[in-house]
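Residue-level structural notes
Below, each chain spelled out in residue letters.
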Amino acid sequence: MIMNFGSLLNSFKFLQDSELIDSLLTKEGLKLEEILDTNEEAIIELKKGNQKLIGFLVPSHLGELIDYTTLDPIDTNNQNQCYKYPFVSNEILNSECPDLLNAIFADTTLLDRLFKFLSADLPNNPILAGYFSRTLHSLLVKNSYALLSYLYDTNGHGKALARHLYSKSISDILERILTCETHTNPVFKPKLYEIIGLILENISSTNSPEAVINSSSLLASLVTKKQGISCALEASEYLWGNEKNVKFLFSKLLNEEFHISRSVSLIIQALINALLEKENDEESMAEDDVIPMIEFMINNFDHFTEVLKKQSNVPFTFPNKIEFIPLGELRLRIIEILGSVVRLSNEKLKDKIAESLAIPIITELFAEYHWNSFLHNSYEKLVQNILLSGHSGLKDALIRKSNLPQILIKFSQSGIENRIGLMGHVTRIGNILLKHFSKDENPPNEDWIYFANNYLSFQNEIESRVLGGRSRIMSFDLTDHYMDTNDDRNKEDAFEDIDYNYEKQNNSPIEEQDIDNLRREPENSYMKNNWQIENAQRLEELD
């Protein structure tokens, strides 16, 4: 066994008391700043459990350490007071020394001194906010029950945390507090709902976009917590099961403020995913359970359809002076939400969506905005989830009312000089529909058959070619890309037979009949353009 001499020397040094610290601790009238000037020496000694140093800090100088990490310096020109002392003080408080943390819990005046940071004028110093949050986390790990008792019972400090969510550091520590297992105690559950209500109020704030974004991210992360987080389901049920909260969320979804609408959309998407998780848990949800959020969407879905119809009044102008009407943030968010909603098992909601004009309108938008990748991705997800849902009304609205097959055929007929940004989605959606028709129903017409046998097969062959030693095989694993619930695992065989790997066919010998087919120029316009570019090179290689 080879031993590193440097590591052995460092280990031996770690076991020895610091001569610098020991000499300082024998000095009369020693000030805290002299200890802080030693930098890592003091931190190492605390980690080693140096009782002399702990006796110096506890309890006499704990308040000063807290002040350095929570209060702005009086002398802004003093570099040590502005940067060095706060940093070293924070490292000392978070050195995992139990004596320091126990002393803070034992004296509520020290906790008051720590939480005085929240009473400062907004916005607070972001560096000090990080120090404050880190100290709070150490206290939470040490004794969560004592900390929660202090937060909720003393001077409304828990509420104060919810008012400072403009800071990402405080948002992160509040999430850790809300996901603490101690919230399973019946004493703290009402406090959990109270804090969630205060976080929701931040979303109404138009003065601080940061507070809106951090609040929505916190709630979305909270309700999507999986195993081991006992309060996640309670938080979800409080949001989707409270009619007042549901109305608030959907009213803010339709808000004209960009950051508010996007943030609320994030929460609603998270709630839908949480509902899907609950639906898969037979013990926690019965078929006749009434979910206020679903009931609200059923009763107000016509309003969503009207929003999808509404165009922006402000045109966008390209540098080349061409104007066009943008899709709009709100319409995109509603399309994304619908792509998730159709996965829910509520038949009334699916019937409402199928009866409305929502799916035909979204299909028209897909065909109109050729270069909006966000829209194309959301629409492809919507198509996949509708076909996987097995709901006949939704499939009829997508295929017959929206006339999706004919739209795909039309796009495929555009010449090579008029290629547009959604052609990749045309191919992928076409392959999904092809699989659907092969299993569930007959092809719509001869044009579709020709589209499938020529355009789709041609594009699939291109995508499966070997480039640089690797095959560009198109992936349609729906369970990986779109389906993230346990129930969807039962449906993963829905498209299991799709095979886009033409590598074996490419490597097989080419028959004379195949060469004749390559030489035969297609009659259809969209195939003719591709034939001129792709097959010409292949024929040249064969000749």
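Our subject is the structure listed above.
The notes below deal with the structure included here. Computed from a prediction, not measured in an experiment: that's the story for all the values here. Positions within a chain are numbered from 1, following the residues in the order the chain's sequence is written. Restriction of local features to residues with pLDDT of at least 70 applies here, the model being predicted, together with a cutoff of 80 or more for giving and counting side-chain atom pairs; totals for whole chains, interfaces and linings are based on all residues. Neither water nor hydrogens contribute to the side-chain values; these are computed over all heavy atoms in the structure.

**Remarks on the overall build of the protein**
When its secondary structure is counted, the protein shows 32 helices and four strands. For every residue, the accessible area obtained with a 1.4 Å probe (protein chains only) is divided by the maximum for its type, and the residue is called buried under 20%, exposed over 50%, and partly exposed between those limits. Among the 543 residues that make up the protein, the fraction classed as buried is 47%. Summarising the internal contacts of the protein: among those between residues at least 6 apart in sequence, 71% fall at separations of at least 24. Accessible surface is estimated by sampling points in the Shrake-Rupley manner with a 1.4 Å probe; for residues, cover comes only from the protein chains shown. With an accessible surface of roughly 28100 Å², the protein has 49% of that area assigned to carbon and sulfur atoms. The helix count covers DSSP runs of H or I at least four residues long, the strand count covers runs of E at least two residues long, and both are numbered beginning at the N terminus. Only heavy atoms enter the contact rule, under which two residues are in contact if any of them lie within 4.5 Å.

**Focus on helix H24 (residues 373-389)**
To estimate how far a helix should reach, multiply one less than its number of residues by 1.5 Å. Taking 1.5 Å of rise per residue, 17 residues should cover 24 Å, and H24 covers 24 Å from first to last C-alpha, within 8% of that figure. In terms of residue burial, H24 counts as a mostly covered element, since 13 of its 17 residues are buried. A side-chain oxygen of the first residue of H24 lies 3.3 Å from the backbone nitrogen of Phe374; this N-cap is Asn372. Looking one or two places after H24, you find Gly390, whose phi comes out positive at around 75°. Polar contacts, as counted here, are pairs of nitrogen or oxygen atoms within 3.5 Å of one another; within protein the pair requires one atom able to donate a hydrogen and one able to accept it, and residues that are adjacent in sequence qualify only if both atoms are side-chain atoms.

**Topic: the packing of helix H17 (residues 243-253) against helix H19 (residues 292-299)**
Each axis is a line fitted through C-alpha atoms, and for a helix only the stretch in contact is used; angles between axes span 0 to 180 degrees, taken between their N-to-C directions. Contact pair H17 / H19: the axes reach a minimum separation of 9 Å and the direction vectors enclose 50°. What the angle tells us is that H17 and H19 run oblique. Crossing handedness for the pair H17 and H19: right-handed. Within the contact between the two elements, H17 uses Glu243, Val246, Lys247 and Phe250 and H19 uses Pro292, Met293, Phe296 and Met297. Oblique is the label for every angle not falling under 35 degrees (roughly parallel), over 145 degrees (roughly antiparallel), or within 65 to 115 degrees (roughly perpendicular). Each crossing gets its hand from how the near helix is turned against the far one by less than a right angle, where anticlockwise is left-handed and clockwise is right-handed.

**Looking at the packing of aromatic side chains**
In summary, the pairing rule links any two rings of Phe, Tyr or Trp, Trp by its six-membered ring, whose centres are within 6.5 Å, and it sorts them by plane angle into stacked for under 30 degrees, edge-to-face for over 60 and tilted for everything else. The tally for this structure, following the rule as stated, stands at 14 aromatic pairs. With a centroid separation of 5.7 Å and an interplanar angle of 40°, the aromatic rings of Phe250 and Phe304 are classed as tilted. Of the two residues, Phe250 is situated in helix H17 and Phe304 in helix H20 (residues 301-309); the sequence distance between them amounts to 54 residues. Exposure class is identical for Phe250 and Phe304. Each is buried. Ring pairs connect the aromatic residues Phe115, Phe117, Phe132 and Tyr150, which therefore count as one cluster.

**Considering the pattern of salt bridges**
Salt-bridge detection follows one rule: a side-chain nitrogen of Lys or Arg within 4 Å of a carboxyl oxygen of Asp or Glu. All told, the structure shown has 16 salt bridges when counted by the stated rule. Arg113 is the salt-bridge partner of Asp67, the closest N and O atoms lying 2.7 Å from each other. Of the two residues, Asp67 is situated in helix H6 (residues 62-70) and Arg113 in helix H9 (residues 108-115); the sequence distance between them amounts to 46 residues. Under the relative-accessibility criterion, Asp67 is labelled buried at 18%. Residue classification places Arg113 among the partly exposed positions, given a relative accessible area of 34%. One continuous salt-bridge network, built from bridges that share partners, spans Arg262, Glu329, Arg333 and Glu336.

**Here we look at unusual backbone geometry**
A cis amide bond links Val58 with the next residue in sequence, Pro59, at an omega value of -5°. Along the polypeptide, Pro59 turns up in the loop between helix H5 (51-57) and H6. The phi torsion at Asn403 lies on the positive side, around 55°, for a residue other than glycine. The residue Asn403 is located in the loop between helix H25 (392-401) and helix H26 (404-412) in this model.

**Description of the packing of H6 against helix H10 (residues 126-142)**
At a minimum axis separation of 8 Å, H6 and H10 run at an interaxial angle of 135°. With respect to H10, the axis of H6 lies oblique. For the pair H6 and H10, the contacting residues are Tyr68, Thr69 and Thr70 in the first and Leu128, Tyr131 and Phe132 in the second. Of the residues contributing to the contact of H6 with H10, the split by class is four nonpolar, two polar and no charged. Asp, Glu, Lys and Arg are counted as charged, while Ala, Val, Leu, Ile, Met, Phe, Trp, Tyr, Cys and Pro are counted as nonpolar; the rest, among them Gly, fall into the polar class.

**Quick notes on H9**
For H9, every residue scored as buried is listed here: Leu110, Leu111, Leu114 and Phe115. An end-on view of H9 places all buried positions within 130° of arc, on one side of the element. Looking at the buried residues of H9, the elements they touch are H6, helix H8 (98-106), H10, helix H11 (144-153) and helix H12 (157-162). Here the arc refers to the set of directions running from the helix axis out to each C-beta atom.

**Observations regarding the side chain of Thr135**
You can see Thr135 is positioned in helix H10. In this structure Thr135 comes out as buried when scored by relative accessible area, which is 1%. Those residues within four positions of Thr135 in sequence are excluded, and the remaining contacts are Asn90, Leu93, Asn94 and Leu114.

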